[in-house]
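Single-letter residue listing:
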Amino acid sequence: MLNPPDQTFYPSPRMAMQAPQEKLAFVAMLEPKRKKPDALGVVDVDPDSKAYGKIVGCLDMPNAGDELHHFGWNACSSCLCPYSPHPHMERRYLVIPGMRSSRIHIVDTKPDPRRPRIVKVIEPETVTGRTGYSRPHTAHCGPDGIYLNALGSTDGEGPGGIFIMDPETFDVRGKWELERGPQYLAYDFWWHLGFDTMITSEWATPGMFENGVSPDLLLGGKYGHQLHVWDLRRRRHLQTLDLGAEYQMVLELRPAHDPAEAYGFAGVVTSLKDLSSSIWLWYRESHNGHGEFKIRKVIEIPAQPADPEVLPPLLKGFKAVAPLVTDLNLSLDDRFLYVSCWGTGELRQYDVSDPFNPKLTGSIQIGGIVRRASHPNQPGKALNGGPQMVEISRDGRRIYLTNSLYSAWDDQFYPDGIGGWMAKAEVGPDGGLEFDRDFLLELDEWRPHQVHLDGGDASSDSYCYSE
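Here, residues in each chain are numbered from 1, in the same order as that chain's written sequence. Predicted model: local features are reported for residues with pLDDT of at least 70 only, side-chain atom pairs are reported and counted for 80 or more only, and whole-chain, interface and lining totals are derived from all residues. Each side-chain value is worked out from all heavy atoms of the structure, with water and hydrogens disregarded.

### What to know about the pairing of strand β8 (residues 133–142)
What counts, and what does not: Three labels apply to residues, based on accessible area from a 1.4 Å probe with only protein chains included: buried if under 20% of the type maximum, exposed if over 50%, partly exposed otherwise in between. Secondary structure elements are taken from DSSP: a helix is a run of H or I of four residues or more, a strand is a run of E of two residues or more, and numbering for both begins at the N terminus. Pairing between strands requires that DSSP locate at least two bridges from one strand to the other.
Most of β8 sits out of view: 10 of its 10 residues are buried. Bridge count for β8 against strand β9 (residues 145–153) is 8 bridges, and the pairing is antiparallel. Residue pairing for β9: P136 is matched across the bridge by A150. Between β8 and β9, which pair antiparallel and follow one another directly, the connecting turn spans 2 residues.

### Some thoughts on the sheet that holds strand β30 (residues 447–453)
The cut-off we apply is this: Lines fitted to C-alpha atoms define the axes, with helix axes restricted to the stretch in contact, and inter-axis angles between N-to-C directions lie between 0 and 180 degrees.
Read from one edge to the other, the open sheet built from 4 strands follows the order β3-β2-β1-β30, with strand pairing classed as antiparallel. Because the sheet does not close on itself, it has two edges, and the strands there are β3 (55–64) and β30. Across the sheet, the mean angle separating the axes of adjacent strands is 20 degrees when strand polarity is ignored. Note: strand β1 (residues 24–30) against strand β2 (residues 37–44), 6 bridges, orientation antiparallel. Following the sheet pairing, M29 is matched in β2 by A39.

### Topic: the packing of aromatic side chains
Two numbers describe a pair of aromatic rings. These are the distance of the centres and the angle of the planes. Put simply, the test is: Two aromatic rings from Phe, Tyr or Trp, using only the six-membered ring of Trp, form a pair when their centres are within 6.5 Å; if the ring planes differ by under 30 degrees the pair is stacked, by over 60 it is edge-to-face, and anything between is tilted. To sit over a ring, a charge needs its Lys NZ or Arg CZ within 6 Å of the ring centre and within 35 degrees of the ring normal.
Summed over the entire model, instances satisfying the criterion amount to 19 aromatic pairs. Aromatic side chains Y263 and F265 sit 6.1 Å apart centroid to centroid with 85 degrees between the ring planes, which places their arrangement in the edge-to-face category. On the basis of an interplanar angle of 75 degrees and a centroid distance of 5.9 Å, the ring pair of W342 and F413 is categorised as edge-to-face. Taken together, the positions of W342 in the loop between β23 (336–341) and β24 (346–351) and F413 in helix α6 (residues 407–413) put the pair 71 residues apart, joining distant regions of the chain. Here the two residues W342 and F413 agree in accessibility, since each one is buried. Here the aromatic cluster, defined as three or more aromatic residues joined through ring pairs, consists of Y187, W203, F209, W342, Y406, W409, F413 and Y414. Positioned above the aromatic ring of W446 is the side chain of K36, whose terminal nitrogen or guanidinium carbon lies 5.1 Å from the ring centre. Over the face of the ring belonging to Y133 we find K175, whose NZ or CZ atom lies 5.0 Å from the ring centre.

### A few points about the state of the cysteines
This is how the line gets drawn: The disulfide criterion used throughout: a pair of cysteine sulfur atoms within 2.5 Å.
Per the stated rule, a full pass over the model turns up 2 disulfides. Between C76 and C141 runs a disulfide, and the two sulfur atoms are separated by 2.5 Å. As the torsion about the S-S bond is roughly 120 degrees, the C76-C141 disulfide counts as right-handed. One end of the pair, C76, is in the loop between β4 (72–73) and β5 (93–97); the other, C141, is in strand β8, with 65 residues separating them in the sequence.

### Let's talk about unusual backbone geometry
A cis geometry characterises the amide bond from K110 onward to P111, with omega recorded as 10 degrees. By the element assignment, P111 lies in the loop between β6 (104–108) and β7 (117–122). Between G158 and P159 the backbone carries a cis peptide bond, its omega angle lying at 0 degrees. Looking at the element boundaries, P159 is found in the loop between β9 and β10 (161–165). One non-glycine residue, R34, lies in positive phi territory at about 60 degrees. By the element assignment, R34 lies in the loop between β1 and β2.

Okay, here's the thing in structure tokens:
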């Protein structure tokens, strides 16, 4: 065959689960003082390697103060969709936005993934000039290009939205939305390719989050509390799903990987009623050939009473530590949902085979505002931060965790400073979690955030075929 598709692309989630085990992890690493550039770390995750659990490569960005956050591949399994104009792309380049600088870095991971190199830098003036947006946050490879969302407009207010990049030249094409409707706040986005539908969530404008949580805005219910449903092909707003202003900061979205299904999970950071966090299920109901999306709360995680003396100022008056659910991830078989409780220092595993009735099947503790739980590799050492970004291997058997959220929020909730770490958990055949005792990477000078695995993982690819 001439010019075959990349061998890390798979038509369906089930086929991707049979892929070879990952050997390397790419990690976005923040330099919190902004005195030197952020970096992309390369971590050896091959248990048979002598360098297992260690950094084996590091690429510094060219400028300080980018605030690397979420990043993604230039191409993935969505290139195999029947309407993709790019079926012979290669999973080779990482698209790494700077959330504070609005600068985008294109990083080549070949020929040696342990020595990635920058091949293009898109300056903020180009991003803002061609899109009207600033503060790019998340990159997803789609069938027709690279999609990035941005949290604000050029003046640091709103609306935030989505823009498109060419997957081969990395030119910024422009704003994605043709009819925005009422959407103003932005955060995450994902899609149901089988239903030509995009879902977006809400956080805040840059002025509302860059200096930390504003108590007045929070108590006033001004942070995001809605999901938005879009026609993916026609680029038009269809529906607003309002959770109610009690539920503040609707962040991470994890749709079903099976393209024949139209449901997914959204994480809510906090409730103004009791500081609990919650997980909501969005789902499509079909009537006479027409579909309408609905949403319901399916998981609630309570706050834990705590001595005000050990709480950060923002939480002292509540006399409780909030779970602060800040990331979710869903295994490729759509069976297990992982929920990171950054405040209480807990990673939860739920069986969501029946998405309307999740069942808690596993839990591990590490870090936490009050708990400061240690890792079994160093049982006497208190750790701070908590499970934040969560990445799942394609076969669903390994979970990678990092502990930094966002610099201003790190400092607000962990005022003694966050000592960066990356940990790994193993998943039993029928669920359950336990730490890999041999994997604890401490990164005291860096704060690690998102992780992506070589060849793909549970949050890097989307699929057009179902089995």
